[in-house]
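Architecture and fold: a report
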Amino acid sequence: MNDDPYAPAWSGSASRPGASSSDSYEDEDNEFDEQTAQLEHEERVAGPPDLYAVLNLDRDASDEDIRNAYRRLSMTFHPDKHHSPEDKDRAQHQFQAIKKAYDVLSNPNRRHIYNTYGAEGLRTNWDVSSQRQQTAQQVREEFERQQRQRLETEAERLVKSKGEIHIGLDAVGCFDGGRRRPFRRAAKSVAAGGKPGLLDAVTLPEISHAFVKHSWETKLLDTTDLTIQGSVMAKNGVGAGTVAATLRHVLDSTTWAETTVQASMKAPSASFKLVKNFTNDVFTSVQATISNFNGPPPLAFVVGRKLDSKYTGFLTFQSGDYAIGPWGAESAGGGMRSASSCGLGLVRRSIRGQWSCELSMGQSASSLNVGIFRSIGWGIRAKAACAIGTAIGLSTSISADKKISKLDRVGMSVEAASHGGVNFKLRFMRLGQKFVLPIQLAPQLDLKMAALAVIIPLCSAVILDRAILEPNRRSRLSARLTKLRQDNASLLEQRKQEAISAIQLMAQQVARKREVEESKDGLIIVEAIYGVLPVSKFPRSSHVKKFSSFMGGGGAAAAAAAASALEREGSGVATPPHMVGRDGSYDDLSGVAASGDDDHGAAAAEVKWIDVTIPVQSLVFNSQLYISGNHSKAHIVGFYDPCIGEPKKLRVTYKFQGKLHQVEVDDSNAIAAPLRAHTVSDI
C-alpha cells in the first residue's frame, strides 16, 4: 500500500495523461494564430456540448471509465433521486444531456464517428446504421469511405496542386545613371518638338526573365504516389521548357524508392533514388542520374546519424563522372567532366527552428555553408545563410516571411553574392501557390545597396503590418466574435441557467461530500473560479517562507488566518452576480448595475468569472480531483462561459492534509490534484 497521500488513486485508470500543474506550455504560434485559435475555440464552446466534458473524461477513456462517470452523475441528476416536481424537471433536463453523452461514448461505432467528425458526424445520415450485420470495423470503413467522397473535391483543390510564378526585374538602371532607361525617351520627345517633361526623369525596371512552374500529385496505390511537374522559363528572348514525372513507392516501413523522368528541349534525363532507415537513428540514401549513355551514371551517397535528440550529423559523397573500363573513359577524361566531392555536415533542430553547417571539398571546388532558420514570433519565420567557396566566392542571404491570414503568407529576401550582385525578392504564398518577384539591384557585390535593401523594405513592412494589416485582422476577428455573441446570446443565457440549476441540484450532495473530506483531512475545495481571473492572493509556486513574507510575516499562524479568511470570503473580490451560494441558494444581484449605486454597478459589470466551487467539489472522489482536458471547461456540468471570446482559465484553491494548495490552468488543460507542486502554505 502506498502511504504517500499525494499518490493518485483514480478509479478505472492508473494514471491520467494530460494532467497539468500550474505550469503552462509555451505555444510558438503567432499572434494571428492565437487570436484565430481563440475565436475557433469560442465557436466550439458556443456549439454543441463536448460529450467528454459532460462526463469529465479524456478522449482515451476506457469503457469502465465511461460507465463509472455515468453512474456518478446519475446518482446526482437522475430524476428519481429528487422529490419536488421542480427539482425533477431540472434533473430530467440535466440527465438527458448526461444520457446522450453516455449513449454515444459507450457505443464503439458512434464514439468513433464522434471522435473523427464531431457532433456533425452524429447528425449526418451516412447510411451505415442499416448495415446491421456488419462488424464495427466494417461500419467504420464504410463511414470513412463516404466521408472521403464528400471531401475529395476540396482536398484536391487544397493540397494536391502547386504552382509557382517568377517575374524577374532588372532595376540596376534605377540606381546606375549610366544605364538609365527613362519612362519615355527624351530624344523622341525633343524630336517631336517638345521639351523633356517629368516622365522623362522616371526610370522603370525592365523585365529580365519569367519562370512558371506547376505540379500536381495523385495517389495511385496506398503506397505509391505520382507527381507531374511542368516548368517554362524565358530569358533574353530565349525560352525553354521541362516536363517531369516522379513516381514514389514505399517498399516497407523503413524503405522507399523514387524514380524521376524528365524531358526538356535539350536532352532527356532520369534519376533513381533509394532511401533506407536502418534504425531510428541511422539512415542512408543513394541516387543515380542518367543524362546520356556515354558513361556510367554519377552517384550521390548520403549517410546520416542522429547524435542525440537535437543533433544530426551526415556525410555526403558525389562520384562525378567516372569510367568502368572503356565505358565512360572518353567523358571521364574530357574537359567538361564533373569532379567528385565529399562533405561533412551537422544539423541542430529545436522547436522553433534549426541551424546547419556543411563543409564540402572537391577536386574542382570547395565551400563552407552555414544557415539558420528560426520562428521568432508574431507569425514571422526568418532565415539567414552564408556561403564561401573557391568557385562561388562570397554569398550571403537573409529572408523572412509572415503569416497574414490563415492561408496566406508574404515574405521577402535579400541576396548578395560575388557572382550575381545584389538581388531582392518579394514572395506571396497561398496554399500550394507561390508568386515570386525577384529584382536585381546591383550587378556586383555592393554592401551599401544590400543594407538598404534590408532596412527600407523591413521598415516599410513593419509600418504596413501595424498600420493596416493588423488593424484589419483585429477588425475582422472582432466582427466574427460580435456576430458569434449575437447569434448565440439566447443559447448562452440558456446554458447559464442550466449551470445554475445543476449547482442547485448538487449542492446538498456536495455538502455531505465536503463533510466526509473534512472528517479525514482530505481534499476540500476552498474556492474555484473560472473565466478571466482576478490576481491570485498567492504567488505562483510559492512556499511557506514566500507566503509568510507575502502576508506580512507571521509564519504558519498568518498562513492559517489567511487561508481561513480566503475560505470565508472567497478570493477577496465581489461574488459574481450570476452565481449560486455554497448553501445552494441563488443570489441574483443582476439588478445592482441598474440601481443607484454606481460603484457596485461598475464592479458587477467588470466581473468576468464565475464561482464553480460546488461543481469542482462534486468531482472529488476519495480525496482525488481530476478534471479532463482537451476541451473547454464551459461544457462541464455546473460550468458555463461567462465571457465568450476571451481566453479563460480555471483556478482551484484547495486544502489537503493541513496544507493550502492552488493550481491555475488554461481552459483546455487538465487538472490532477492533490500535487505537491500546488502547495502554497502549511496551515
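Structure's up top.
Note that the structure is a prediction, hence the values are computed from the model and not measured. (Residues numbered from 1 in each chain as written. Predicted model: local features only at pLDDT ≥ 70, side-chain atom pairs only at ≥ 80, totals over all residues. Heavy atoms only, no water.)

Contact geometry of helix H3 (residues 63-77) with helix H11 (residues 489-519) gives a least axis separation of 9 Å together with a crossing angle of 95 degrees. By the angle between their directions, the pair H3 and H11 is classed as roughly perpendicular. Where H3 abuts H11, its residues Met75, Thr76 and Phe77 lie against Ala502, Leu505, Met506 and Gln509. By residue class, the composition of the contact of H3 with H11 is five nonpolar, two polar and no charged. (Axes fitted to C-alpha atoms, helices over the stretch in contact; angles between N-to-C directions. Helix = DSSP H or I, 4+ residues; strand = E, 2+ residues; numbered from the N terminus. Parallel < 35°, antiparallel > 145°, perpendicular 65-115°, else oblique. Contact = heavy atoms within 4.5 Å. Nonpolar A, V, L, I, M, F, W, Y, C, P; charged D, E, K, R; others polar.)

Before going further, it helps to examine the environment of Ala385. Inspection of the secondary structure assignment puts Ala385 in strand S14 (residues 380-389). Exposure remark for Ala385: the relative accessible area of 30% places this residue in the partly exposed category. Between the alpha carbons of Ala385 and Glu415 there is a distance of 9.4 Å; along the sequence they are 30 residues apart. Apart from residues no more than four positions distant in its own chain, Ala385 is found in contact with Val370, Gly371, Ser395, Thr396 and Ser397. (Buried < 20%, exposed > 50% of the residue type's maximum accessible area, 1.4 Å probe, protein only.)

In terms of burial, strand S2 (residues 161-170) is a largely internal element, seven of the ten residues being buried. Relative to strand S3 (residues 206-221), S2 is paired through ten bridges, and the arrangement is antiparallel. Looking at the pairing, Glu164 lines up with Lys213 of S3. Judged from the six bridges that link them, S2 and strand S18 (residues 433-442) form a sheet pairing that is parallel. Within S18, the residue paired with His166 across the bridge is Val436. (Pairing = 2+ DSSP bridges.)

Where charged atoms from two side chains of opposite charge approach closely, those side chains can pair. Taken as a whole and assessed by the stated rule, the structure comprises 17 salt bridges. Among the salt bridges present, the one from Lys213 reaches Glu164, with a minimum N-O distance of 3.7 Å. With a gap of 49 residues between them, Lys213 in strand S3 and Glu164 in strand S2 connect regions that are remote in the sequence. Taking the relative accessible area as the measure of exposure, Lys213 reaches 26% and is therefore partly exposed. In this structure Glu164 comes out as buried when scored by relative accessible area, which is 16%. Of the charged contacts in the structure, one is a salt bridge between Arg248 and Glu258, with a shortest N-O distance of 2.8 Å. Linking Arg248 in strand S5 (residues 238-252) with Glu258 in strand S6 (residues 255-264), this pair joins segments that are ten residues apart in sequence. Through salt bridges with shared partners, a single ionic network connects Lys649, Arg651, Glu664 and Asp666. (Salt bridge = Lys/Arg side-chain N within 4 Å of Asp/Glu carboxyl O.)

Let's shift gears to helix H4 (residues 85-105). Counted at 1.5 Å a residue, the expected span for H4 with its 21 residues is 30 Å, and the 30 Å between its end C-alpha atoms agrees. Those residues of H4 lying buried are Ala91, Gln94, Phe95, Ile98, Ala101, Tyr102, Val104 and Leu105. (Expected span 1.5 Å × (residues − 1).)

In this section: the nonpolar core. Ranked by size, the top nonpolar core spans 27 residues in total, and within it Leu55, Leu57, Ile66, Phe77, Ile98, Leu105 and Met506 carry the most contacts. Put simply, the parts of the chain that give this core at least two residues each are helix H2 (51-55), H3, H4 and H11. Of the residues forming this core, the biggest block, seven residues, is contributed by H4. Beyond its immediate chain neighbours, meaning those up to four positions away, Ile98 contacts Val54, Leu55, Tyr70, Leu73 and Phe77. (Core = buried A, V, L, I, M, F, W, Y, C linked by side-chain atoms within 4.5 Å.)

Time to look at the side chain of Asp401. Note on placement: Asp401 falls in strand S15 (residues 393-403). Residue contacts for Asp401: discarding those within four places in its chain leaves Gly379, Ile380, Arg381, Arg409, Val410, Gly411, Arg427 and Met429.

Taken as a whole and assessed by the stated rule, the structure comprises five aromatic pairs. Aromatic side chains Phe301 and Phe317 sit 6.4 Å apart centroid to centroid with 25 degrees between the ring planes, which places their arrangement in the stacked category. Placement of the pair is Phe301 in strand S9 (residues 299-306) and Phe317 in strand S10 (residues 311-318), with a sequence separation of 16 residues. Measuring from centroid to centroid gives 5.5 Å for Tyr530 and Phe639, while their planes differ by 65 degrees, and the two rings are edge-to-face. With Tyr530 in strand S19 (residues 524-531) and Phe639 in the loop between strand S24 (624-627) and strand S25 (649-656), the pair connects residues that are 109 residues apart, well separated along the chain. (Phe/Tyr/Trp six-rings, centres within 6.5 Å; stacked < 30°, edge-to-face > 60°.)

What follows covers a nonpolar patch on the surface. Taken together, the side chains of Leu359, Met361, Leu368, Val370, Ile388, Leu394, Leu445 and Leu447 define a hydrophobic patch exposed on the protein surface, amounting to about 680 Å² of accessible area. Elements supplying a minimum of two residues to the nonpolar patch: strand S12 (353-362) and strand S13 (366-377). Relative to the helices and strands, Leu447 resides in helix H10 (residues 447-487). What makes Leu447 exposed here is its relative accessible area of 66%. (Patch = residues over 30% accessible without salt bridge, like charges linked within 9 Å, V, L, I, M, F, W, Y side chains within 5 Å. Areas by Shrake-Rupley, 256 points an atom, 1.4 Å probe, with all protein chains shown as cover.)

Before going further, it helps to spend a moment on the pairing of strand S7 (residues 269-277). In this sheet, S7 lies alongside S6 in antiparallel orientation, the contact comprising eight bridges. Pairing of Thr255 across the sheet is with Lys276, part of S7. Here S6 folds back onto S7, and the loop between the two strands holds four residues. With eight bridges connecting them, S7 and strand S8 (residues 282-290) associate as antiparallel partners. Its bridge partner being in S8, Ser271 is matched across the sheet by Thr289. If you look at the hairpin formed by S7 and S8, you'll find four residues sitting between the two strands.

Turning to the side chain of Ser618, a few remarks are in order. Structurally, Ser618 can be placed in helix H15 (residues 613-618). Residue Ser618 is classed as buried on the basis of its relative accessible area of 16%. One polar contact links the side chain of Ser618 to the main-chain carbonyl oxygen of Pro615, over a distance of 2.5 Å. Here Ser618 is in contact with Met506, Val510 and Lys513, once residues within four sequence places are set aside. (Polar contact = N/O pair within 3.5 Å; in protein donor to acceptor, adjacent residues only side chain to side chain.)

In this section: unusual backbone geometry. In this chain, Ala673 is followed by Pro674 through a cis amide linkage whose omega measures 5 degrees. Position of Pro674 relative to the elements: it lies in the loop between strand S27 (670-673) and strand S28 (679-682). At Asn622, a position not held by glycine, the phi torsion is positive, near 55 degrees. Here Asn622 is to be found in the loop between strand S23 (620-621) and S24. Take Asn622: its relative accessible area is 60%, and that puts it in the exposed class.

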